[in-house]
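For reference, the chains in residue letters:
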Amino acid sequence: HTEKLLMELTSAADCGAYLYQWMSQDSEEVQWFIDTGDFGRPLQQANVEAKIQRFCAGEPFSIGRFQYGSGAQFYALKDSDTSSVVSVCVVAQSTMLDTQEKLGVLLYTVTAPEARGKGFAASLLSAACEHFLAQHPDIGRIRTIVDKANPIAHKLYAQSGLQQDGTSTVKGRSILLGYSYKRPNPSLPTEEKTPP
C-alpha cells in the first residue's frame with residue numbers, strides 16, 4: 001500500500017504553484033468546479049497566488065455570508081513512494097456574518113492529473129479537516145460547497161467524512177450543495193477528582 005503523508009505547505013505561493021500547475025491541465029468546466037471563476041481566465045500563476053494569499057491573516061473581506069482574512073492553512077498530501085506532492089487544499093478561518101459562527105471553509109482542492117482516482121484527495125481532506133479542527137478548538141465544523149453537476153466531488157466529500165447540509169446559488173450559474181465536516185469527538189468537560 002502507498003503511504004500517504006499529510007504536510008502543511010509554508011506559504012500561499014507554494015500552494016498556488018501546485019494549483020496553477022494542475023488546473024492548467026484541466027478543462028474550463030473542471031476549473032470552474034475548483035474555483036467558481038475566482039482565479040480569472042486564462043489562469044495566471046500570480047493571480048492564483050494572490051487570491052489564496054488574501055485568506056491569510058490580514059485585511060478582512062466578505063464573500064456571501066462569510067467573512068475571511070483571519071487566517072488559513074495550506075495542506076498537501078505526499079506520496080511516499082515517489083516523494084511527490086499529489087494533492088493540495090486550503091482551509092480558511094471564517095465567520096458567518098448572520099450567526100457569528102466561527103468555522104473553517106474548505107477551498108480549492110486539486111489533485112495532480114496523473115494521481116487522480118487513487119484515493120489521495122479523500123485521504124488529504126480527512127486528514128486536513130482533523131488537523132485543522134485540532135488546531136482550532138473554538139471551531140466546530142469545516143464547510144464547503146460543490147456544484148450539483150459535479151458527481152466526482154460529491155463522491156469525494158462523502159468518502160472524506162463530510163455530510164450534505166444545504167444549498168445555495170453562486171454567481172447565478174449553478175446550484176451548489178453544502179457539505180460540512182464536524183468535529184468527530186467534541187471535547188467534554190471532565191470532573192476534577194480529589195485523591196482519597
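Rules of the game
Every chain's residues receive numbers from 1 upward, in the order its sequence appears when written. The model is predicted, so local features are restricted to residues of pLDDT at least 70 and side-chain atom pairs to those at 80 or more, both for listing and for counting; the totals for chains, interfaces and linings are taken over all residues. Think of the side-chain values as coming from all heavy atoms in the structure, minus any hydrogens and water. Secondary structure follows DSSP: runs of H or I at least 4 residues long count as helices, runs of E at least 2 residues long count as strands, and numbering of each begins at the N terminus. Contacts between residues were defined by any pair of non-hydrogen atoms, one from each residue, lying within 4.5 Å. When accessible area is computed with a 1.4 Å probe and restricted to protein chains, residues below 20% of their type maximum are described as buried, those above 50% as exposed, and intermediate ones as partly exposed. For two strands to be treated as a pair, DSSP must find at least two bridges joining them. Think of it like this: strands point away, you trace from the first strand over the helix to the second, and a clockwise trace means the crossover is right-handed. The nonpolar core is taken to be a set of buried Ala, Val, Leu, Ile, Met, Phe, Trp, Tyr and Cys residues, with the residues joined through side-chain atoms within 4.5 Å.

S.K.: Go over the overall build of the protein, please, and point to the residues and values.
M.R.: What the protein contains, in helices and strands, is 5 helices and 9 strands. Order of helices (α) and strands (β) in the protein, N terminus to C terminus: β-α-α-α-β-β-β-β-β-α-β-α-β-β. When contacts within the protein are restricted to residue pairs at least 6 apart in sequence, those whose partners lie at least 24 apart make up 59%.

S.K.: Before we move on, could you go through the pairing of strand β6 (residues 102–111) and cite the residues and values that matter?
M.R.: Within β6, 9 of the 10 residues are buried, which leaves it mostly tucked inside the rest of the structure. Here strand β5 (residues 84–96) folds back onto β6, and the loop between the two strands holds 5 residues, one of which, Gln-100, carries a positive phi near 65 degrees. One ladder, built from 2 bridges, connects β6 with strand β7 (residues 141–147); its direction is parallel. Paired with Val-105 across the bridge in β7 is Arg-143. In terms of handedness, the path from β6 via helix α4 (residues 120–135) over to β7 forms a crossover that is right-handed.

S.K.: Account for the nonpolar core, with residues named and values stated.
M.R.: Core analysis: the largest hydrophobic core is formed by 56 residues, its most contacted members being Leu-19, Phe-74 and Tyr-157. Broken down by element, this core gets its largest block of residues, 9 residues, from α4. Each residue touching Leu-19, except ones within four places of it in the same chain, is listed here: Phe-39, Val-48, Ile-52, Val-88, Tyr-108 and Val-110.

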